[in-house]
Amino acid sequence: MSPQGRLWPFHGGGRMKETLRQTMAWLHTWVGLVAGWVLFFVFVTGTTGYFQQEITRWMEPERPLEVAPAPYDSSELVGLAMQRLEQVAPVAASWSITLPHQEASGRGWNDFSIRWEEMPQPGHDFGARTTERLDPETGAVLPPEAEPRDTAGGFGLYRMHYSLHYLPYDWAIRIVGIATMLMLLAIVSGIVTHKKIIRDFFTFRPGKGQRSWLDAHNAVSVMALPFFLMITYTGLVFFLFQYMPAGRDMLYGTGDDSVDAYYEELYGEHEHAAIGRPAAPIAPLLKQAEAAWGKGHLASIAVERHKGEEPEIVLSRARIGLDYYIPPQLRFHATTGARLPAEPRAGGGTLATAQVMYSLHEGHFTGIWGRWLYFAAGLLGCGMIGTGLTLWAVKRRLRHLSEGREADEHFGIRLVEVLNVATIAGLPLAVAGFFWANRLLPVAMLDRAAWEFHSLFAVWLGTLFYALGRPLRRAWIELLWATSAAFALIPVVNALTTDRHLGVTLAHGDWVLAGFDLTMLGLGAAFALTAVKVARRLKPQVPAAEGAATSSLEPALKESRA
Amino acid sequence: MSRRNISARYRWAVASRAAAAFLGGYALTSAATIVLALLWPVPKAQGVFAASMLSFALYAIVILWAFHCPSVKRVWTVMLIGTAGLSALAWLLNAGGAA
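Thresholds, definitions, all that
- Residues numbered from 1 in each chain as written.
- Chains lettered and ligands numbered in written order.
- Predicted model: local features only at pLDDT ≥ 70, side-chain atom pairs only at ≥ 80, totals over all residues.
- Heavy atoms only, no water.
- Helix = DSSP H or I, 4+ residues; strand = E, 2+ residues; numbered from the N terminus.
- Rg over C-alpha atoms; globule rule 2.2 N^0.38 Å.
- Contact = heavy atoms within 4.5 Å.
- Buried area = accessible area lost by both parts, 1.4 Å probe.
- Salt bridge = Lys/Arg side-chain N within 4 Å of Asp/Glu carboxyl O.
- Polar contact = N/O pair within 3.5 Å; in protein donor to acceptor, adjacent residues only side chain to side chain.
- Nonpolar A, V, L, I, M, F, W, Y, C, P; charged D, E, K, R; others polar.
- Phe/Tyr/Trp six-rings, centres within 6.5 Å; stacked < 30°, edge-to-face > 60°.
- Buried < 20%, exposed > 50% of the residue type's maximum accessible area, 1.4 Å probe, protein only.
- Pairing = 2+ DSSP bridges.
- Axes fitted to C-alpha atoms, helices over the stretch in contact; angles between N-to-C directions.
- pLDDT = per-residue confidence, 0-100.
- Core = buried A, V, L, I, M, F, W, Y, C linked by side-chain atoms within 4.5 Å.
- UniProt positions renumbered as here; feature names shortened; annotations may be inferred.
- Parallel < 35°, antiparallel > 145°, perpendicular 65-115°, else oblique.
- Left-handed = near helix turned anticlockwise from the far one by under 90°.
- Patch = residues over 30% accessible without salt bridge, like charges linked within 9 Å, V, L, I, M, F, W, Y side chains within 5 Å.
- Areas by Shrake-Rupley, 256 points an atom, 1.4 Å probe, with all protein chains shown as cover.

A. Structural context of the overall build of chain B. Within chain B, the regular secondary structure consists of 3 helices and 0 strands. Counting from the amino terminus, chain B carries its helices and strands in the arrangement α-α-α. Radius of gyration (C-alpha) of chain B: 17 Å, far over the 13 Å computed for a compact globule of 99 residues. Projected onto its principal axes, the C-alpha coordinates of chain B cover approximately 60 × 20 × 15 Å.

Structure (structure tokens):
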């Protein structure tokens, strides 16, 4: 059928279901290609985010090794904290005491600390806030921790998955937003395309070139499908009004004041009245919290007063569940110690839904094994995008060859092939370079953190030139081996430059630092395996064996019928 | 047959469809979001938030339909008339609420 004759060639008298699968296959192919490279970057950097704090700790080797926290008596700590608060902020807008506790197991340790907000100056919404870490034994103010080296840290790596780098923030989040929307389309159209999801999942035809890539792409995509849908949709919700401002802007206006007014209406605003040390004894309140949430789950004690109301004491549970952003609270009258009814949650079910979405996206609610699962799902996402991009190029290259056009280079195919190598094999190498830079750049270097980023992008650019300069198959294999070596050598570089190497960290039982090094060895092995597999799959093939593609428009149609 | 046979006309048709789907679809979704926000039976600020959260699903469905529809003319018609109609409805609803 000639494309000139029919401008949308899918509705050719076929059954409706078949037509739908064909249009969706077409859409899947093209939105996937357009967004693929950005999404690969987003998935690689975003996946590191599940171990953001761990990566930061590794990148700050000056910090002490992990020590088991000492047991404490919460009412004694609260006594020490109140004493200090009364001394530095007898009259304040609010007090807050953080007890030593663990957020969502393994995620973040919180030290004993106090925080207060001064009464706002006239014309200001908030007063100055100060935080102090206290010694749990004596209540003395602890000096700030030793400054570690200047590093971008795990946060720097993770942050790029929505703010990219070298680009204004507002542009970056919109580029990522468009790519995310295309991903949502790619997922849904991909599901429609596959009528036999279960059978496809168990189908693998190794050593068959294009078919094998398709099978791998299907298997990886189906394996973590709920994760992909969830991560994509919740990702969009994070930037709700940047991506879909119409409702808010039309009904509330666009100026800063209008936006403020909107959030005041959504969250409800409380003006604070001055508070001081509460008269009610704290110990019985702590007992109630322990009875409600169990030992060690009380995270903080706040004293505050809404204008026109009595002062109150608010106890909050540690952030350990899907309610990460809205942990349960107990409220008490600050003078009598009487239990007060729970306040209605600001924003109702709507905000609670959003907050659960944020928790799901960030994996905040889950423990260490849950985060490993997230990490694995993130890597599967990289695999899905990587195999999808490769499939696009392999399919077209084979068709190009089968048409007997070896001599006539096709710019589009070549471009995709080069970008694929440079992205799929090159970006991981660049991330390894980021970690190398953390250990090798002089500790006192000016703008050191920025140079860690520059190192990442310099390596990445290098891989692009490499991919341009080498035959495709060699570029793939060599860059994958280089990536494997770069990751496997990180523990070695670490041992040569710091005293936080595996010999020390394993012996000390510091599983965060040891785990990082071991994970790097694991990644080294994984890339070596990939290099071997890719070398086997990219073996020069006899194009005729694949059968010449017939449709001039879209061989994906043929594929999807197969 | 090969890629060389793809005509300029076909390319324009795809470009027009993509514009209708992504730009027209965005306008349609925006208008629908405002209407949904006004109809959602919760306080208005929450309704805006909830409708906006749902808008991405709506946008996705609109785009998928736009690429499935046999006629690109029909896609443009639905996007333009739909956006205009929903905007008018939003205006009526909002004026009614303010009165």
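Resuming the write-up.
B. Main features of the interface of chain B and chain A. With 41 residues of chain B at the contact, the number on the chain A side is 55 residues. Of the roughly 4,200 Å² buried between chain B and chain A, counting both surfaces, carbon and sulfur atoms make up 72%. At the junction of chain B with chain A, the criterion picks out 0 salt bridges. The interface formed by chain B and chain A contains 9 residue pairs in polar contact (both at pLDDT 80 or more). When contributions to the side of chain B that touches chain A are tallied by element, the ones reaching two or more residues are helix H1 (8-39) and helix H2 (44-68) of chain B. Among the elements that make up the side of chain B that touches chain A, the one with the highest residue count is H2(B) (18 residues). Here the side of chain B that touches chain A is built from residues that sort into 25 nonpolar, 11 polar and 5 charged.

C. Geometry of the packing of aromatic side chains. Taken as a whole, this structure holds 34 aromatic pairs over all chains when the rule is applied. Residues Phe155(A) and Tyr158(A) carry aromatic rings whose centres are separated by 6.0 Å and whose planes lie at 45 degrees to one another, so their mutual orientation is tilted. A residue pair is termed a helical-turn pair when its members lie 3 or 4 positions apart in one helix, as Phe155(A) and Tyr158(A) do in helix H4 (residues 153-163) at 3 residues. With a relative accessible area of 42%, Phe155(A) lands in the partly exposed category. Looking at Tyr158(A), the relative accessible area reads 14%, which means it is buried. Ring geometry for Phe241(A) and Phe49(B): centres 5.7 Å apart, planes at 80 degrees, overall edge-to-face. Of this pair, Phe241(A) sits in helix H9 (residues 240-243) while Phe49(B) sits in helix H2, which puts the two residues in different chains. The two residues Phe241(A) and Phe49(B) agree in class, both being buried.

D. Seen up close, the sheet that holds strand E7 (residues 312-317) of chain A. Residue and element names in this part refer to chain A. In spatial order, the strands read E5-E4-E1-E6-E7-E8-E9; together these 7 strands make up an open sheet with antiparallel pairing. Single-partner strands in this sheet number two, and they are strand E5 (129-133) and strand E9 (339-340). In terms of strand pairing, strand E4 (residues 113-117) meets E5 through 5 bridges, oriented antiparallel. In the strand pairing of E5, Ile114 is matched with Glu132. Lying on the sheet, helix H3 (residues 74-88) is in contact with strand E1 (94-98), E4, E5 and strand E6 (298-304); it crosses E1 at an angle near 150 degrees.

E. Representation of the confidence of the model for chain B. Per-residue confidence for chain B averages 91 on the pLDDT scale, and 91% of its residues sit at or above 70. Across chain B, the secondary-structure element scoring lowest on mean pLDDT is helix H3 (residues 72-98) of chain B, at 91, and the one scoring highest is H2(B), at 97.

F. Spotlight on the nonpolar core. In terms of nonpolar packing, the biggest core is built from 136 residues, with Phe227(A), Phe435(A) and Phe49(B) touching the most fellow members. Leave out the neighbours within four places in its chain, and Phe435(A) touches Ile55(A), Trp58(A), Met59(A), Leu157(A), Ile490(A), Phe516(A) and Met520(A). Counting residues in hydrophobic clusters, the runner-up holds 28 residues, among them Leu85(A), Leu134(A), Leu315(A) and Leu330(A).

G. Layout of the pairing of E4(A). Residue and element names in this part refer to chain A. In terms of residue burial, E4 counts as a mostly covered element, since 4 of its 5 residues are buried. Pairing of E1 with E4 involves 5 bridges; the strand directions are antiparallel. Along E4, the bridge assignment pairs Ile97 with Ile114.

H. Quick look at the UniProt feature "transmembrane region" (unreviewed entry) in chain B. When the UniProt feature table is mapped onto this chain, "transmembrane region" (unreviewed entry) is found at residues 20-42, 48-68 and 75-93 of chain B. Between the C-alpha atoms that bound residues 20-42 of chain B there is a distance of 33 Å. The span itself is 87% helix and 0% strand.

I. Structural context of unusual backbone geometry. All names here are of chain A. Of note in the backbone geometry, Leu164 takes a positive phi value of approximately 50 degrees without being a glycine. Inspection of the secondary structure puts Leu164 in the loop between H4 and helix H5 (169-193). Of note in the backbone geometry, Tyr166 takes a positive phi value of approximately 65 degrees without being a glycine. With respect to the helices and strands, the residue Tyr166 is situated in the loop between H4 and H5.

J. Quick peek at the packing of helix H13 (residues 348-362) of chain A against H2(B). Interaxial distance between H13(A) and H2(B) falls to 8 Å at its minimum, and their mutual angle equals 40 degrees. Judged by the inter-axis angle, H13(A) sits oblique to H2(B). Both H13(A) and H2(B) take part in a crossing whose hand is left-handed. In contact with Gly348(A), Gly349(A), Thr350(A), Leu351(A), Thr353(A), Ala354(A), Met357(A) and Tyr358(A) of H13(A), H2(B) contributes Gln46(B), Phe49(B), Ala50(B) and Met53(B). Partitioning the contact of H13(A) with H2(B) into residue classes produces 7 nonpolar, 5 polar and no charged.

K. Geometry of a nonpolar patch on the surface. Residue and element names in this part refer to chain A. Taken together, the side chains of Leu506, Trp511, Leu518 and Leu521 make up a nonpolar region of the molecular surface, amounting to roughly 380 Å² of accessible area. When residues of the nonpolar patch are assigned to their parent elements, the largest contribution, 3 residues, is made by helix H20 (residues 511-537). Among the structural elements, Leu518 can be located in helix H20. In this structure Leu518 comes out as partly exposed when scored by relative accessible area, which is 36%.

L. Region of interest: the packing of helix H7 (residues 210-223) of chain A against helix H14 (residues 368-402) of chain A. Residues and elements named next belong to chain A. With their axes 9 Å apart at the nearest point, H7 and H14 run at an angle of 155 degrees to one another. Relative to H14, the element H7 is oriented roughly antiparallel. You can see that H7 and H14 cross each other, and the crossing is left-handed. In this structure, H7 contributes Gln210, Trp213, Leu214, Ala216, His217, Val220, Ser221 and Met223 to the contact, and H14 contributes Leu380, Gly383, Met384, Thr387, Gly388, Thr390, Leu391, Val394, Lys395 and Leu398. For the contact of H7 with H14, a count of residues per class yields 10 nonpolar, 7 polar and 1 charged.

M. Structural context of the confidence of the model for chain A. Considering every residue of chain A, the mean pLDDT works out to 88; 91% of them sit at 70 or more. Across residues 542-562 of chain A, where pLDDT falls below 50, the model places 47 contacts with residues more than four positions away in sequence or in other chains.

N. Quick look at the side chain of Ser455(A). All names here are of chain A. With respect to the secondary-structure elements, Ser455 resides in helix H16 (residues 448-469). We classify Ser455 as buried; its relative accessible area is 17%. Among the polar contacts listed, one links the side chain of Ser455 to the backbone oxygen of Trp451, at a separation of 2.6 Å.

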